[in-house]
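Residue-level listing of the chains:
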Amino acid sequence: MCSSDLLYFVSDTYNGKTDVFTLHAISLANGAATIKAVTIQVSATVSDGSEWKLNPRHHIQRPGLLEANGAIYVSFGSTGDTEPAQARGVIVRYDATTLTQLSSNVTNTLRDTVAPFYLSSIWQSGYAPAADSNGDVYFSTGNSNPVTPSYSASFNHPNSVVHLSGDLGTLLDSFTPSNYFALDQEDLDLGSGATILLPDQPGSIPHLAFAGGKDGRSFLLNRDSLGGY
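Predicted model, so just to flag it, every value in this text is computed and none were measured.

## Quick look at the overall build of the chain
- For the chain, the helix and strand inventory stands at 1 helix and 18 strands.
- Relative to the 2.2 N^0.38 estimate, which gives 17 Å for 229 residues, the radius of gyration of the chain is 17 Å and therefore close to what a compact globule would have.
- Once the C-alpha set of the chain is aligned to its principal axes, its extents read approximately 50 × 50 × 30 Å.
- Counting only residues that meet the buried cut, the chain has 52% of its 229 residues in that class.
- Within the chain, counting contacts between residues at least 6 apart in sequence, those at least 24 apart form 53% of the total.
- When the accessible area of the chain is evaluated, it comes to approximately 10300 Å², of which 51% is carbon and sulfur surface.

Okay, here's the thing in structure tokens:
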């Protein structure tokens, strides 16, 4: 991700025991680090009130970075479905001039002590989340629990298009196809493709988004009313 004369990127460093994700900003002119790099650490309160923490061992910084609202947005998916009891989709916001962490959002905050299976990763085949003219953020998620339907308006949006406020604090809207659980069961992630925002269109529905995934379907969505579940 480039901003004027800066290049932003995330490194994953493995010391033989643990992984560490680090956000960097370097000069395009000479490659020097212009802002002190920061270690990415994220936590969230899940549905039973306990705390979940991002474990870099079970996540990959898979999507591209988004620059919007004077911030850099960094997103994470899982390393496949290898550790679904820990992995969740994550998006984190950093101040573009200081790399100070500002806020974050987790796509699945369910907690199941009997059969934990979370995910709803953000990966989009490397595409970054998108931002509209209001600074709102959009992205697609991958599969969740293949055994038990796990969609929840409050806690989990698997195989969905998600629309968040720019500060990541408010879920403004979402779209989840009616057969999301079948997609979960077959590993047919909607989130394998990006959510793309189209330029404003003439007519009664000017704000459109496009999304599509592994099952070969494409969805043309009204950004002003994505449709819910």
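## Focus on the nonpolar core
- Ranked by size, the top nonpolar core spans 24 residues in total, and within it Tyr-8, Leu-23, Ile-40, Val-74, Phe-76 and Val-90 carry the most contacts.
- Sorting the residues of this core by element identifies β2 (6–14), β3 (19–27), β4 (33–39), β9 (71–78) and β10 (90–95) as the ones contributing at least two each.
- Not counting residues up to four positions away in its chain, the partners in contact with Val-90 are Val-42, Trp-52, Leu-54, Val-74, Ser-75, Phe-76, Asn-105, Val-106 and Ile-122.

## Some points on a nonpolar patch on the surface
- Together, Ile-196, Phe-210 and Leu-220 line one region of the surface with nonpolar side chains, adding up to about 280 Å² of accessible area.
- In this structure, Phe-210 sits in strand β17 (residues 208–212).

## Topic: the layout of surface pockets
- Of the volumes computed, that of the largest pocket is approximately 250 Å³.
- Asn-105, Val-106, Thr-107, Ser-154 and Leu-171 are, among the 19 residues lining the largest pocket, the residues nearest its centre.
- Mapped by element, the contributors of at least two residues to the lining of the largest pocket are β5 (43–45), β11 (101–106) and β14 (161–164).
- By residue number, the principal contributor to the lining of the largest pocket is β11, which donates 3 residues.
- Taken together, the residues of the lining of the largest pocket sort by class into 9 nonpolar, 10 polar and no charged.

## Examining the sheet that holds strand β16 (residues 196–197)
- Taking strand neighbours across the sheet as the criterion, the 3 strands line up as β16-β17-β18 in an open arrangement whose pairing is antiparallel. At either end of the open sheet lies a strand with only one pairing partner, and these are β16 and β18 (218–222).
- As judged from the 5 bridges shared by β17 and β18, these two strands associate in the antiparallel manner. Its bridge partner being in β18, Gly-212 is matched across the sheet by Ser-218.

## Looking at the environment of Leu-198
- As for its position among the elements, Leu-198 is in the loop between β16 and β17.
- As a C-alpha pair, Leu-198 and Val-20 span 178 residues in sequence and 36 Å in three-dimensional space.

## Notes on the pattern of salt bridges
- Evaluation of the coordinates by the stated rule reveals 4 salt bridges.
- For Asp-215, the salt bridge is made with Arg-217, and the minimal N-O distance between the two is 2.7 Å.
- Here the salt bridges share partners, and the residues they tie into one network are Asp-187, Asp-189 and Lys-214.

What counts and how
Residues numbered from 1 in each chain as written. Predicted model: local features only at pLDDT ≥ 70, side-chain atom pairs only at ≥ 80, totals over all residues. Heavy atoms only, no water. Helix = DSSP H or I, 4+ residues; strand = E, 2+ residues; numbered from the N terminus. Rg over C-alpha atoms; globule rule 2.2 N^0.38 Å. Buried < 20%, exposed > 50% of the residue type's maximum accessible area, 1.4 Å probe, protein only. Contact = heavy atoms within 4.5 Å. Areas by Shrake-Rupley, 256 points an atom, 1.4 Å probe, with all protein chains shown as cover. Core = buried A, V, L, I, M, F, W, Y, C linked by side-chain atoms within 4.5 Å. Patch = residues over 30% accessible without salt bridge, like charges linked within 9 Å, V, L, I, M, F, W, Y side chains within 5 Å. Salt bridge = Lys/Arg side-chain N within 4 Å of Asp/Glu carboxyl O. 1 Å grid on protein atoms, 1.4 Å probe; cavity = no way out; pocket = protein on both sides within 12 Å on 5 of 7 lines; lining within 4 Å. Points joined across faces, edges and corners; volume = space filled by probe spheres on them. Nonpolar A, V, L, I, M, F, W, Y, C, P; charged D, E, K, R; others polar. Pairing = 2+ DSSP bridges.

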